[in-house]
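# Topology and contacts: notes
Residues per chain, in single letters:
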Amino acid sequence: MRAAAILGLGCSAKNVAAFQLDAGVEWRMGMPSTDDHADVIVLFGGDGTIHRHLRQLVKLGLPVLVVPVGSGNDFARALGMRSVRDSLVAWQRFCSGAGNVRAIDLGVIFGGSAGEASASGGHYFCSVAGVGLDVEVARRANRLPRGLRGHGGYTLSLLPTIFQFAPFPIRILTAKPTDGNSADRSAESAIGSDQPTILAAFANTSTYGGGMKIAPHAKMDDGLLDVCVVGGLDPFKLFCLFPTVYSGRHLKIREVKYFQAARVRVETEHPMDVYADGEFVCQTPVEMGVQSSALRVVT
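Bear in mind that the values here come from a model prediction, so they are computed numbers and not experimental data. (Residues numbered from 1 in each chain as written. Predicted model: local features only at pLDDT ≥ 70, side-chain atom pairs only at ≥ 80, totals over all residues. Heavy atoms only, no water.)

## Describing a nonpolar patch on the surface
Together, Leu 159, Phe 163 and Phe 239 make up a nonpolar patch on the protein surface, roughly 270 Å² of accessible area in all. With respect to the secondary-structure elements, Leu 159 resides in helix 8 (residues 153-162). What makes Leu 159 partly exposed here is its relative accessible area of 31%. (Patch = residues over 30% accessible without salt bridge, like charges linked within 9 Å, V, L, I, M, F, W, Y side chains within 5 Å. Areas by Shrake-Rupley, 256 points an atom, 1.4 Å probe, with all protein chains shown as cover. Salt bridge = Lys/Arg side-chain N within 4 Å of Asp/Glu carboxyl O. Helix = DSSP H or I, 4+ residues; strand = E, 2+ residues; numbered from the N terminus. Buried < 20%, exposed > 50% of the residue type's maximum accessible area, 1.4 Å probe, protein only.)

Spelled out as structure tokens, the structure:
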């Protein structure tokens, strides 16, 4: 068997060593150019590393094992990989022929006033895309030293941002798709139209920001995005809301709207940054959807 190792920032050959004990596996470093060059990909890193490689991973169609050694590991957590040991156990099962591979959905961002989304016709994300407060928090967290980002960096960035971020009007249009690429506009309905909003999150997995359950009902194989919209709370109430996100209890708050959709259109009064998996993608207006069974993962 041939395995390709992809190393994220801060990783080295030492991270790979524990996975190289099987003499029957031939290893190469870096992303293979075609699926003829490898049988499986082992990716060492966090959500940002995965995000940057998604387009090529989807194109190759090879099984991918994620090893959570990044500053944010929400996608690995959704796959049941909470530690390197979990990934190593999954790897050993895969090498023994256990067939522990499943196909999962990916989110896709279409359009956008700038960035790769408009240039390529679609931009994949694995966990959560967002507009609003979480974008500013991600921007601040990305400026922190890497070691600090992996130990509460999102929380450290969130607390001061709560008291500085101003609510904004947003319109989210949902539509029942008529086929794989189009939507019946007559079925559109507006959610949170022009209402003060703190953030809107569009989730393929349940958590982001290092374990915050922004979308506790999200599943990676249902063909739907889970959408969580937090209305214009005053800073003190938002501060009190924050701890409930780690358990998913924020859904009980009146100002929080939660629903599922196969595709949505997001419009804001002025262009606003859209982040996904902690990375900048483009600006609004955008459409977001799901590509079912887009990625094969080792679990």
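There's plenty left to go through after this.
## Notes on helix 2 (residues 47-60)
Given a rise of 1.5 Å per residue, 14 residues ought to cover 20 Å, and the 19 Å separating the end C-alpha atoms of helix 2 matches this to within 8%. At Leu 54, helix 2 shows its strongest bend, of approximately 55 degrees. Listed as buried for helix 2 are Asp 47, Gly 48, Thr 49, Ile 50, His 51, Leu 54, Leu 57, Val 58 and Leu 60. One or two residues past the end of helix 2 sits Gly 61, with phi positive at roughly 75 degrees. (Expected span 1.5 Å × (residues − 1). Bend = angle between axes of the 7 residues up to and from the residue.)

## Here we look at the pairing of strand 12 (residues 263-268)
Residues Val 264, Val 266 and Thr 268 point to one face of strand 12 and are all buried, whereas Arg 263, Arg 265 and Glu 267, pointing to the other face, are not buried. Sheet topology places strand 8 (residues 168-174) next to strand 12; 5 bridges connect them, and they run antiparallel. Bridge pairing links Ile 170 to Thr 268 in strand 12. Pairing of strand 12 with strand 15 (residues 286-298), which is carried by 4 bridges, proceeds in the antiparallel orientation. (Pairing = 2+ DSSP bridges.)

## Considerations on empty space enclosed by the protein
Under the definition given, this model contains 2 cavities of 30 Å³ or more. The calculated volume of the largest cavity comes to roughly 140 Å³. Considering the residues around the largest cavity, the lining is formed by 15 residues, among which Leu 133, Leu 158, Leu 199, Met 212 and Val 245 are closest to the centre. Those elements that provide at least two residues to the lining of the largest cavity are helix 6 (133-143), helix 8 and helix 9 (235-241). Its residues placed into classes, the lining of the largest cavity shows 14 nonpolar, no polar and 1 charged. (1 Å grid on protein atoms, 1.4 Å probe; cavity = no way out; pocket = protein on both sides within 12 Å on 5 of 7 lines; lining within 4 Å. Points joined across faces, edges and corners; volume = space filled by probe spheres on them. Nonpolar A, V, L, I, M, F, W, Y, C, P; charged D, E, K, R; others polar.)

## Comments concerning the nonpolar core
The nonpolar side chains of a soluble globular protein tend to be buried with one another. With 46 residues, the main nonpolar core has Ile 109, Ile 172, Phe 202, Ile 214 and Met 288 as its most contacted residues. A total of 6 residues in this core trace back to one element, the largest contributor, which is strand 9 (residues 189-203). Core analysis: the second largest hydrophobic core is formed by 44 residues, Leu 62, Cys 126, Met 220 and Leu 295 among them. (Core = buried A, V, L, I, M, F, W, Y, C linked by side-chain atoms within 4.5 Å.)

## Here's the deal with the packing of aromatic side chains
With the rule as written, the count across this model stands at 7 aromatic pairs. Centroid distance Phe 19 to Phe 44: 5.4 Å. Interplanar angle 90 degrees. Geometry classified as edge-to-face. Highlighted residues: Phe 19 in the loop between helix 1 (13-17) and strand 2 (26-29) and Phe 44 in strand 3 (residues 40-45), separated in sequence by 25 residues. For Phe 19, a relative accessible area of 2% puts it in the buried group. Overall, Phe 44 belongs to the buried group, its relative accessible area being 0%. Between Tyr 275 and Phe 280, the ring centres sit 6.0 Å apart and the planes meet at 70 degrees, which makes this aromatic pair edge-to-face. Given the relative accessible area of 40%, Phe 280 is considered partly exposed. (Phe/Tyr/Trp six-rings, centres within 6.5 Å; stacked < 30°, edge-to-face > 60°.)

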